[in-house]
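Architecture and fold: a report
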Amino acid sequence: MRFIQPKLNFIVVLCVAVLSGCTVGPKYRRPAVQAPDQFRGPAPEVTSPGTASNSIGDLNWESVYRDEQLRHLIRTALERNYDVRIAAERVIAAQARLGITRADQLPSVGVGGSLFSEQQNFGNGIPPIQRQAGNVSASFAWELDFWGKYRKATEAARANLAATEWGRRAVINTLIASVATAYLQLRDLDAQLEITQKTLQSRKESLLLTQTLADGGRGSMEDVRQAEQLVYRASAAIPTLQQQVEQQENFISTLLGGNPGAVARGRTLQDQPRLSSVPIGLPSELLERRPDIRQAEEELVAANAQIGVAKAALFPSISLTGSAGFQSTALTNLFTGPAGIWSAGGSLFQPVFEGGRLRNNVRLTESQQRQLLLRYEQTVQNAFRDVSDSLVAYRKTSEARLEQEHLAAAAQDAAHLARIRYEAGSATYLEVLTNETNFYDAELGLSRARLNETLGLVDVYNSLGGGWK
């Protein structure tokens with residue numbers, strides 16, 4: 001016990017010295033970012049600055065997208081989409097890299113043994129000589145992290161893990177927005193196809209009436225030919241729309257991680273639920289909510305820690321080694337008698353001349369840190385722009401949708417009046433053709449306006465960092 005106690009005291013003192021050793025390299029401080037007082041571009045009903053908990057970005061995606069079929073598609077995509085699954089594997093790999101890097105802070109211990117047996121025969125009546133030997137030993141090696149090289153490397157690996165996790169959440173955000181956008185575009189194509197098919201049926205009936213009037217002497221073959229043009233124009237648009245519908249379904253199926261196939265529908269574009277209000281919150285909250293901003297910051301943290309790793313290489317490295325075990329020429333006496341062996345030692349290495357490699361490595365890590373600092377600031381700036389762009393787009397598309405509704409109503413009434421006047425003989429069929437075409441274009445324009453407004457809300461939600469929660 002008197003022999004072991006000094007060893008234990010030495011180990012305790014050594015561990016305290018290592019743990020209290022200095023750490024070189026800069027400490028991380030979050031960069032100061034000039035956030036605007038409020039976002040530019042919100043609609044009047046969205047203008048309220050909001051509070052810390054008052055933002056659509058804080059809502060779960062199921063609270064924003066209320067079409068049950070769309071929710072089902074998003075759930076399926078989150079489970080099966082390849083980009084999300086690849087991002088999850090990146091997180092697992094980053095966890096493993098953190099474990100590998102953290103292991104460098106700990107000592108390495110190994111055990112081993114050997115067995116040797118030999119017999120020599122000399123002949124001529126000389127008895128053979130037999131020799132046996134064996135040993136069992138344990139070895140110990142530890143490079144002391146006096147300058148914090150391994151602690152800084154672990155800090156960098158931990159930050160890279162966090163960055164990878166935020167990257168996974170950014171992939172989730174993008175996927176949710178992509179599925180919602182693709183589904184709403186599909187519903188717009190459905191609406192356009194339905195409008196075109198309805199228009200085609202109406203124009204066929206109009207052609208039949210025009211032919212009847214021409215046969216009765218109240219019309220002309222020119223009117224019939226103009227009516228036929230309307231029919232053929234609508235008929236020609238249908239195959240193109242059907243092609244776009246199937247291709248959009250294939251795209252959605254791919255987002256869901258499946259093979260091309262049909263996609264079930266939910267509510268129409270016109271019946272999509274809308275939020276009664278769209279709170280946006282404070283611009284400063286965006287720094288905590290947007291995954292791409294958080295990812296950029298964690299990458300900056302890792303680069304900052306790598307400076308410490310590079311600077312620690314300029315200082316001496318201190319290593320401890322030791323081994324202990326048993327050795328004997330008689331296997332039966334391996335663990336008895338005076339068979340114990342041990343050794344202990346230490347080493348110190350100070351780089352003297354490396355041709356500027358170490359100092360240039362410090363310069364390299366410092367430059368990489370400055371690059372990532374600029375990238376972080378750029379990411380924040382682009383995020384503010386994304387939000388402002390999406391807000392002004394949502395406001396203007398809402399205004400355009402309202403005006404398009406008025407246009408469609410006026411065009412429908414004009415087409416109806418032109419038809420009545422033509423049947424009464426007080427208008428030419430050219431007026432009917434013009435007004436029918438205007439009404440058809442206005443209906444398609446209204447469908448696109450509704451799509452743009454709905455997609456505007458998707459963009460607002462995504463730009464505010466909503467979706468990954």
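Residues numbered from 1 in each chain as written. Predicted model: local features only at pLDDT ≥ 70, side-chain atom pairs only at ≥ 80, totals over all residues. Heavy atoms only, no water.

Details of the overall build of the protein
- If you tally the helices and strands in the protein, you get 10 helices and 4 strands.
- For the protein, buried positions account for 41% of its 469 residues.
- For the protein, long-range pairs separated by at least 24 residues make up 83% of all intrachain contacts whose partners lie at least 6 apart in sequence.
- Counting only carbon and sulfur atoms, one obtains 55% of the accessible surface of the protein, whose full area is about 26100 Å². (Helix = DSSP H or I, 4+ residues; strand = E, 2+ residues; numbered from the N terminus. Buried < 20%, exposed > 50% of the residue type's maximum accessible area, 1.4 Å probe, protein only. Contact = heavy atoms within 4.5 Å. Areas by Shrake-Rupley, 256 points an atom, 1.4 Å probe, with all protein chains shown as cover.)

Examining the packing of helix H9 (residues 357-423) against helix H10 (residues 429-463)
- At a minimum axis separation of 7 Å, H9 and H10 run at an interaxial angle of 160°. Classified by the angle their axes make, H9 and H10 are roughly antiparallel. Crossing of H9 against H10: the hand is left-handed. (Axes fitted to C-alpha atoms, helices over the stretch in contact; angles between N-to-C directions. Parallel < 35°, antiparallel > 145°, perpendicular 65-115°, else oblique. Left-handed = near helix turned anticlockwise from the far one by under 90°.)

Some words on the nonpolar core
- One finds Phe39, Ile56, Tyr65, Val179 and Leu464 to be the most contacted residues of the largest nonpolar core, which totals 65 residues.
- Residue assignment for this core shows that the elements contributing at least two residues are helix H2 (61-64), helix H3 (68-80), helix H5 (149-215), helix H6 (221-255), helix H7 (286-289), helix H8 (291-312), H9 and H10.
- Among the elements that take part in this core, H5 stands out by supplying 16 residues, more than any other.
- Listed in part, the 6 residues of the second largest apolar core include Ala408, Ala411, Ala415 and Phe439. (Core = buried A, V, L, I, M, F, W, Y, C linked by side-chain atoms within 4.5 Å.)

Regarding the packing of H8 against H9
- Axis separation between H8 and H9 bottoms out at 9 Å; the angle between their running directions is 165°. Here H8 lies roughly antiparallel to H9, going by the angle between them. Crossing geometry of H8 relative to H9 is assigned as left-handed.

Some points on the packing of aromatic side chains
- With the rule as written, the count across this model stands at 5 aromatic pairs.
- Centre to centre, the rings of Phe146 and Trp147 are 4.8 Å apart; their planes meet at 85°, and the pair counts as edge-to-face.
- By way of ring pairs, the aromatic residues Phe146, Trp147 and Phe315 are connected into one cluster.
- Its end group placed over the ring of Trp166, Arg169 keeps NZ or CZ at 4.5 Å from the ring centre.
- The aromatic ring of Tyr440 is capped on one face by Arg203, whose charged end is 5.2 Å from the ring centroid. (Phe/Tyr/Trp six-rings, centres within 6.5 Å; stacked < 30°, edge-to-face > 60°. Lys NZ or Arg CZ within 6 Å of the ring centre and 35° of its normal.)

Topic: helix H4 (residues 82-103)
- Compared with the 32 Å implied by 1.5 Å per residue over 22 residues, the 32 Å span of H4 between its first and last C-alpha is a close match.
- Buried residues of H4: Val84, Ala87, Val91, Ala94, Leu98 and Thr101, and no others. For H4, the angular spread of buried residues about the axis comes to 95°, placing them on one side. Seen from the open side of H4, the exposed residues pointing more than 90 degrees away from its buried face are Glu89 and Ile100.
- Structurally, H4 contributes buried residues whose contacts are with H3 and H5. (Expected span 1.5 Å × (residues − 1). Arc of directions from axis to C-beta.)

Some thoughts on the environment of Thr101
- With respect to the secondary-structure elements, Thr101 resides in helix H4.
- Separated by 53 residues in sequence, Thr101 and Thr154 have C-alpha atoms that sit 5.7 Å apart.
- The contacts of Thr101, once residues within four sequence positions are left out, are Ala153, Thr154 and Ala157.

Focus: the pattern of salt bridges
- Counting across every chain of the model gives 28 salt bridges.
- Two residues, Arg30 and Glu288, come together in a salt bridge whose shortest N-O distance is 2.6 Å. Of this pair, Arg30 sits in the loop between helix H1 (4-19) and H2 while Glu288 is found in helix H7, placing the two residues 258 residues apart along the sequence.
- A residue is classified by how much of its surface remains accessible, and Glu288, at 39% relative accessible area, is partly exposed.
- Between Glu165 and Arg169 there is a salt bridge, with its nearest N and O atoms 3.1 Å apart. Note that Glu165 and Arg169 are positioned in helix H5 at a spacing of 4 residues, about one turn of the helix.
- Classification of Glu165 as buried rests on a relative accessible area of 18%.
- Of the residues examined, Arg169 reaches a relative accessible area of 22% and is grouped as partly exposed. (Salt bridge = Lys/Arg side-chain N within 4 Å of Asp/Glu carboxyl O.)

A word on the environment of Tyr376
- Assignment of secondary structure puts Tyr376 in helix H9.
- Once the C-alpha coordinates of Tyr376 and Glu297 are considered, the two residues, 79 residues apart in sequence, prove to be 6.1 Å apart.
- Contacts of Tyr376, omitting those with residues within four sequence positions, involve Arg30, Pro31, Val33, Ile293, Ala296 and Glu297.

Quick notes on the environment of Thr454
- Within the secondary structure, Thr454 sits in helix H10.
- What makes Thr454 buried here is its relative accessible area of 13%.
- Along the primary structure Thr454 and Leu269 are separated by 185 residues, whereas in three dimensions their C-alpha atoms are 8.3 Å apart.
- Discounting residues that sit within four places of it in the chain, Thr454 has contacts with Leu184, Leu269 and Arg274.

Here we look at H3
- A rise of 1.5 Å per residue sets the reference length of H3, with its 13 residues, at 18 Å; its end C-alpha atoms lie 18 Å apart and thus fit the reference within 8%.
- Restricting attention to buried positions, one finds in H3 the residues Gln69, Leu70, Arg71, Leu73, Ile74, Thr76 and Ala77.
- Its buried side turned inward, H3 meets H2, H5 and H6.
- Residue Asp67 occupies the N-cap position of H3, its side-chain oxygen lying 2.9 Å from the main-chain nitrogen of Gln69. (Polar contact = N/O pair within 3.5 Å; in protein donor to acceptor, adjacent residues only side chain to side chain.)

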